[in-house]
Amino acid sequence: MIPDYQRAVIITAPGGPEVLSERQDWPVPRLGPDDVLIEVAAAGINRHDCNQRAAGPSREPNPVPGLEAAGRIVACGANVAPERLGKAVIALTDGGSYAQYVATDQHLALDLPDDLDWIEGAALPEALFTTWFNFFELMRMAPGETALIHGGSSGVGTIAIQLLRALGHPVFATAGTAEKRAAALGLGCNAVFDYAAPDLAAQIRAATGTRGVDCILDTSAGAHIVQDLAALAMGGRIAHLSAGQGKELAVPLRSLMARRASITGALLRSTPLDLKRRIAADLKQRIAPLLGTAIRPPIDSTYRPSEAAGAHERMETNRHIGKIVLRVRE
C-alpha cells in the first residue's frame, strides 16, 4: 500500500543548511499518465539543491530538493507499461528526491545497472544528463575531439571524465588541490592542472601539442574566461553550468573572434521534457552498458535525511571529491 503522506526534507525559508527540516506529513506525489512513482532508496546531493535552499521554498515549484534518485518503481501512470512495476531504476527528477517517494517521467527513469548499489546509482543521473547535454547537445562534440573540465573532482566532473574517456575522447581537467588533481588523474585524465595557475592556458596548449582543446565545461561562472579562450582550439566551444547568482560575463571579443569560438550554457532542470527524453534515449543506448564498469561514481560521503543539513554543509565546503548522497532508506 502506498501511503497518502510521507517523510520528506523541505526548505522552510531562504538561508543556510539549518533551514532544511524533515517532515513526516508531506503529500506523496500524484502521477500523470506518463509518470512513475519511485520508492526512493538514495538521492544525490547537487550544488543546485544548495542554491535552491539559499533562495528559499518559493524558488522552485517543489520545496523538497533533490534532482536525482535511485529506487524501485511502485506505481505507474496510465501510459506506462505495467511490466515496469517493481523495476530498480536511477532517475532524473524535477525536484522532490529528498523524500520516501518521488515521481518522474517514465523515460527519465533508467534501469539500475546490476553492478551498482543504490548509493552509486543515485550518484549518476544528474551527472550523466548534464555531461551528455552539454558536450553532445550544446557543444556538438565530434569523435576524437578533446575536452577540458573545470572541477574535475566534482560529482559532474568525475562522471564526465569517465564517460568521455570511455567514448574515446582525450580529457583534461582542473582542480584546486593536489588531492583533487590526483583523483581526477586517476579517473583517466591525460593531464590535470591547477585552475589558479597564472599560465593555465599555456600549460593546456603545451599538453595538447599547442593545438588547444575543443570543448570546455565550465562550472566556475566564467572565472577563467580569459584563460579558457586562450586554451581553445580553433572553432572551440565553452559551455557554462553555473550562472554565478546572475553574474555578468565579460568576454574578450578579440580572443573569441580569433578562435572562432562559441560560448553557450543552459539550465538542465528547465530544459523541455522532449529534449530530456532524447538525452535519456541516448544514454540508454550509448552509456548504460558502460555503467558499473567503465563508469563508476566515486562516493565522497553519505548522510541520512535527518542529516541533510550536514550534507549541504559538506557540499559548501568544496572539499568533497566525487558525490555526496542521501541514504533515504537503510
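Residues numbered from 1 in each chain as written. Predicted model: local features only at pLDDT ≥ 70, side-chain atom pairs only at ≥ 80, totals over all residues. Heavy atoms only, no water.

(A) Structural view of the overall build of the chain. Scanning the chain from terminus to terminus reveals 10 helices and 15 strands. Here the C-alpha atoms of the chain give a radius of gyration of 20 Å, agreeing with the 20 Å that 2.2 N^0.38 yields for 330 residues. Along the longest, intermediate and shortest principal axes, the C-alpha atoms of the chain span 60 × 40 × 30 Å. For the chain, the proportion of contacts with a sequence separation of at least 24, taken over those separated by at least 6, is 68%. (Helix = DSSP H or I, 4+ residues; strand = E, 2+ residues; numbered from the N terminus. Rg over C-alpha atoms; globule rule 2.2 N^0.38 Å. Contact = heavy atoms within 4.5 Å.)

(B) Main features of the packing of aromatic side chains. Tallying each qualifying case throughout the model produces 2 aromatic pairs. Centroid distance Trp 132 to Phe 136: 4.5 Å. Interplanar angle 40 degrees. Geometry classified as tilted. In this pair, Trp 132 and Phe 136 are both assigned in helix α3 (residues 125–138), 4 residues apart and thus about one turn of the helix distant. The class for Trp 132 is buried, based on a relative accessible area of 5%. Measuring from centroid to centroid gives 6.3 Å for Phe 172 and Phe 193, while their planes differ by 20 degrees, and the two rings are stacked. (Phe/Tyr/Trp six-rings, centres within 6.5 Å; stacked < 30°, edge-to-face > 60°. Buried < 20%, exposed > 50% of the residue type's maximum accessible area, 1.4 Å probe, protein only.)

(C) How the structure looks around the pattern of salt bridges. As enumerated under the stated definition, the model contains 16 salt bridges in all. Between Arg 296 and Glu 120 there is a salt bridge, with its nearest N and O atoms 2.8 Å apart. Of the two residues, Arg 296 is situated in the loop between α9 (273–287) and β14 (299–303) and Glu 120 in helix α2 (residues 118–122); the sequence distance between them amounts to 176 residues. Here Asp 214 and Arg 211 are joined by a salt bridge, their closest N and O atoms 2.9 Å apart. (Salt bridge = Lys/Arg side-chain N within 4 Å of Asp/Glu carboxyl O.)

(D) Expanded view of the sheet that holds strand β12 (residues 232–240). Ordered by their spatial adjacency, 6 strands build an open sheet running β10-β9-β8-β11-β12-β13, and the pairing between neighbours is parallel. If you trace the sheet from one side to the other, it starts and ends with β10 (191–194) and β13 (262–265), each paired once. Neighbour-to-neighbour, the strand axes of this sheet turn through a mean angle of 20 degrees, independent of strand direction. The sheet contact formed by strand β11 (residues 213–218) and β12 spans 5 bridges and is parallel. Paired with Cys 215 across the strands is Arg 237, a residue of β12. Against the sheet, helix α5 (residues 178–186) touches β9 (171–175) and β10, its axis set at about 160 degrees to β10. Along the sheet, helix α6 (residues 200–207) contacts β8 (147–150), β9, β10, β11 and β12; its crossing angle with β10, the most-contacted strand, is approximately 170 degrees. (Pairing = 2+ DSSP bridges. Axes fitted to C-alpha atoms, helices over the stretch in contact; angles between N-to-C directions.)

(E) Layout of helix α10 (residues 308–317). By the burial criterion, the buried members of α10 are Ala 308, Ala 311, His 312 and Met 315. Seen along its axis, α10 keeps its buried residues to an arc of 95 degrees; they face one direction. On its buried face, α10 is in contact with β1 (5–11), β2 (20–27), α1 (47–55), β14 and β15 (323–327). Of the residues one or two after α10, Asn 318 is the one with positive phi, at around 65 degrees. (Arc of directions from axis to C-beta.)

(F) Highlighting helix α4 (residues 155–166). In this model, α4 (12 residues) spans 17 Å end to end at C-alpha, consistent with the 16 Å of a helix rising 1.5 Å per residue. For α4, the buried fraction is high: 10 of the 12 residues fall into the buried class. Among the residues of α4, Gly 155, Val 156, Gly 157, Thr 158, Ile 159, Ala 160, Ile 161, Gln 162, Leu 163 and Leu 164 are the ones counted as buried. (Expected span 1.5 Å × (residues − 1).)

(G) Layout of the nonpolar core. Counting 47 residues, the largest nonpolar core has Phe 135 and Leu 164 as the members making the most contacts within it. Sorting the residues of this core by element identifies β5 (88–92), α2, α3, β8, α4, β9, β11 and α9 as the ones contributing at least two each. With 7 residues, α3 is the single largest residue contributor to this core. Residues contacting Phe 135, with those up to four places away along its chain left out, are Arg 140, Met 141, Ala 147, Ile 149, Leu 164, Cys 215 and Leu 217. Within the second largest apolar cluster, 30 residues are counted, among which are Ile 45, Tyr 98, Ala 311 and Leu 326. (Core = buried A, V, L, I, M, F, W, Y, C linked by side-chain atoms within 4.5 Å.)

(H) Molecular detail of the packing of α3 against α4. Interhelical geometry of α3 versus α4 gives an angle of 60 degrees and a closest axis separation of 9 Å. In this view, α3 runs oblique relative to α4, as classed from their interaxial angle. Relative to α4, the crossing made by α3 is right-handed. Note on element contacts: α4 touches α3 through Gly 155, Val 156, Ile 159, Ala 160, Leu 163 and Leu 164, opposite Ala 127, Leu 128, Thr 130, Thr 131, Trp 132, Phe 135 and Phe 136. A per-class count over the contact of α3 with α4 returns 10 nonpolar, 3 polar and no charged. (Parallel < 35°, antiparallel > 145°, perpendicular 65-115°, else oblique. Left-handed = near helix turned anticlockwise from the far one by under 90°. Nonpolar A, V, L, I, M, F, W, Y, C, P; charged D, E, K, R; others polar.)

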